[in-house]
Amino acid sequence: MKTKLTLQLESTLYQYCLEQGAYVVEEVNMPDDQGIVDTLSYQQLADGQIEWRCYELKVTKADFHSKAKLSFIGHYNYFVLPQSLYEQVQAEIPTHVGVLIYRAFDQQAVDLAPQPPRAPGFLTVAKKAQRQDLQVAEGPLTSHFIGSLFREVDKAKRVQKGLQLYSDDQLYKELRKRARRGYDVYDPEANLYDRFIDETQTDAVTALQTELDARNAEYQALKLKYDALQAPNLGDQL
């Protein structure tokens, strides 16, 4: 589970890469068992060359010293850190690896801004990365990058389409699973099943009342037409 600070770094880095003119995606599985990079960016330069940048996000000293493999296989590689962590681990950072420092926007400044910022903070370069040769074959790396982009697009489409993507059987199983978490007899409104039944019944009553009102309106309209047709006949009889 990502911490709030990790999500802030991730969101800010995403916006930073976009502003640099790069395509970017998080959590890319590297080829050749090179681990999973937190963020990978792809940028085509003016001379037609492709530049790959890898970013590893760390928010605590324990996180920095994690045994997870650092996937610094790009042309340029960076740690993205809060200032306080950078001061603790500065001496441990390899010479060729750069550092971006995250700083959150001042809340007062955010409140006064004419438009809400696209990220919760900003990044500054504390240490420049040194260029290296790509550490994996570019073809497989491109394939992994595209696969990760597709994953994010698929997730976005699922969110956009919502529950319509799931079958009735899947939805029923999920409702049953949630219903087993415990039934609160003292607070029925807190129970998912009771809420569902209550709202379903309310919707049914509303639908029936709407149908009844529509039929009554049709009946009244037909009655007026009938009365209008009968009026001349009554005049003749008199």
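Right above here is the structure, for reference.
Structure report, in brief.

With that settled, consider the nonpolar core. Soluble, globular proteins show a tendency: their nonpolar side chains are buried together. Counting residues in each nonpolar core, the largest one holds 24 residues, and the members touching the most others are Met30, Leu40, Trp52, Phe79, Leu81, Ile93 and Leu141. Counting residues per element, the ones that place at least two in this core are strand S1 (23-29), strand S2 (36-44), strand S3 (50-57), strand S4 (76-82), helix H3 (83-89), strand S5 (98-104) and helix H5 (138-161). Contact partners of Leu141, with chain neighbours within four places excluded, come to Met30, Pro31, Leu40, Trp52, Ile73, Leu134 and Val136. Counting 15 residues, the second largest nonpolar core, distinct from the first, contains Val24, Tyr55, Val59 and Tyr78.

Relative to S2, S1 runs antiparallel, the two being bridged by six bridges. In the strand pairing of S2, Val24 is matched with Ser41. Counted along the chain from S1 to the antiparallel partner S2, the turn is six residues long, and its residue Asp32 has a positive phi close to 60 degrees. Across six bridges, the pairing between S2 and S3 is antiparallel. Its bridge partner lying in S3, Ser41 is registered against Arg53.

In a regular helix each residue adds 1.5 Å, so 16 residues correspond to 22 Å; helix H1 (residues 4-19) covers 23 Å between its end C-alpha atoms and thus fits that length. Where the residues of H1 are buried, they touch S1, S2, S3, S4, S5 and strand S6 (121-127). In the segment just after H1, Gly21 is the residue with positive phi, at about 85 degrees.

Counting through the fold element by element, Lys58 comes out in the loop between S3 and helix H2 (61-64). Residue class for Lys58 comes out buried when judged on its relative accessible area of 6%. A distance of 3.5 Å separates a polar atom in the side chain of Lys58 from the backbone oxygen of Asp63. Setting aside its immediate chain neighbours within four residues, Lys58 contacts Leu9, Asp63, Phe64, Leu70, Phe79, Val80, Leu81, Pro82 and Leu85.

Of note in this structure, Glu27 is not a glycine but carries a positive phi near 55 degrees. Structurally, Glu27 can be placed in strand S1. Of note in this structure, Asp32 is not a glycine but carries a positive phi near 60 degrees. Considering the arrangement of structural elements, one finds Asp32 in the loop between S1 and S2. Assessed through its relative accessible area of 56%, Asp32 is described here as exposed.

What follows covers the packing of aromatic side chains. Summed over all chains, the structure comprises eight aromatic pairs. Between Tyr42 and Phe145 the ring centres are 5.8 Å apart and the planes differ by 25 degrees, which places this aromatic pair in the stacked class. Of this pair, Tyr42 sits in strand S2 while Phe145 sits in helix H5, placing them 103 residues apart in sequence. Accessibility assignment for this pair places Tyr42 and Phe145 in one class, buried. Centre to centre, the rings of Phe72 and Phe79 are 5.1 Å apart; their planes meet at 85 degrees, and the pair counts as edge-to-face. For the residue pair Phe72 and Phe79, the accessibility class agrees, reading buried in each case. Looking at Arg53, its charged tip hangs above the ring of Tyr76, at a distance of 4.4 Å from the centre.

All chains considered together, the criterion is met by six salt bridges. One salt bridge in this structure joins Glu152 and Arg151, with 2.8 Å as the shortest N-O distance. For Glu152, a relative accessible area of 27% puts it in the partly exposed group. Exposure remark for Arg151: the relative accessible area of 28% places this residue in the partly exposed category. Linking Arg215 and Glu211 is a salt bridge whose minimum nitrogen-to-oxygen distance equals 2.9 Å. Of the two residues, Arg215 and Glu211 both sit in helix H7 (residues 192-237), four residues apart, roughly one turn of that helix. The class of Arg215 is exposed, set by a relative accessible area of 52%. A single network of salt bridges, built from pairs that share partners, joins Arg151, Glu152 and Lys155.

Reading the values: the criteria
- Each chain carries its own residue numbering, running from 1 in the written order of its sequence.
- In keeping with the predicted nature of the model, local features appear solely for residues at pLDDT of at least 70, side-chain atom pairs appear and are counted solely at 80 or more, and the whole-chain, interface and lining totals rest on all residues.
- The side-chain quantities take in all heavy atoms of the structure and omit both hydrogens and water.
- Here, nonpolar core means buried Ala, Val, Leu, Ile, Met, Phe, Trp, Tyr and Cys residues that are tied together by side-chain atoms lying within 4.5 Å of each other.
- Partly exposed describes any residue whose relative accessible area lies between the buried limit of under 20% and the exposed limit of over 50%, with all areas from a 1.4 Å probe on protein chains only and scaled to the type maximum.
- Secondary structure counts use DSSP, requiring at least four H or I residues in a row for a helix and at least two E residues in a row for a strand, with both numbered from the N terminus.
- Contact criterion: two residues are considered in contact whenever any of their non-hydrogen atoms come within 4.5 Å of each other.
- Note on pairing: two strands pair once DSSP finds at least 2 bridges between them.
- To estimate the expected span of a helix, count its residues, drop one, and scale the result by 1.5 Å.
- Distance and chemistry together define a polar contact, namely a pair of N or O atoms within 3.5 Å, with one atom able to donate a hydrogen and the other to accept it when in protein, and with adjacent residues in sequence counting only for side-chain atoms on both sides.
- Centre distance within 6.5 Å is the pairing criterion for rings of Phe, Tyr and Trp, where only the six-membered ring of Trp is used; planes under 30 degrees apart are then read as stacked, over 60 as edge-to-face, and the remainder as tilted.
- Here, over-ring charges are defined by two tests on the NZ atom of lysine or the CZ atom of arginine: distance to the ring centre within 6 Å, and angle to the ring normal within 35 degrees.
- The salt bridge definition used is simple: a Lys or Arg side-chain nitrogen within 4 Å of an Asp or Glu carboxyl oxygen.

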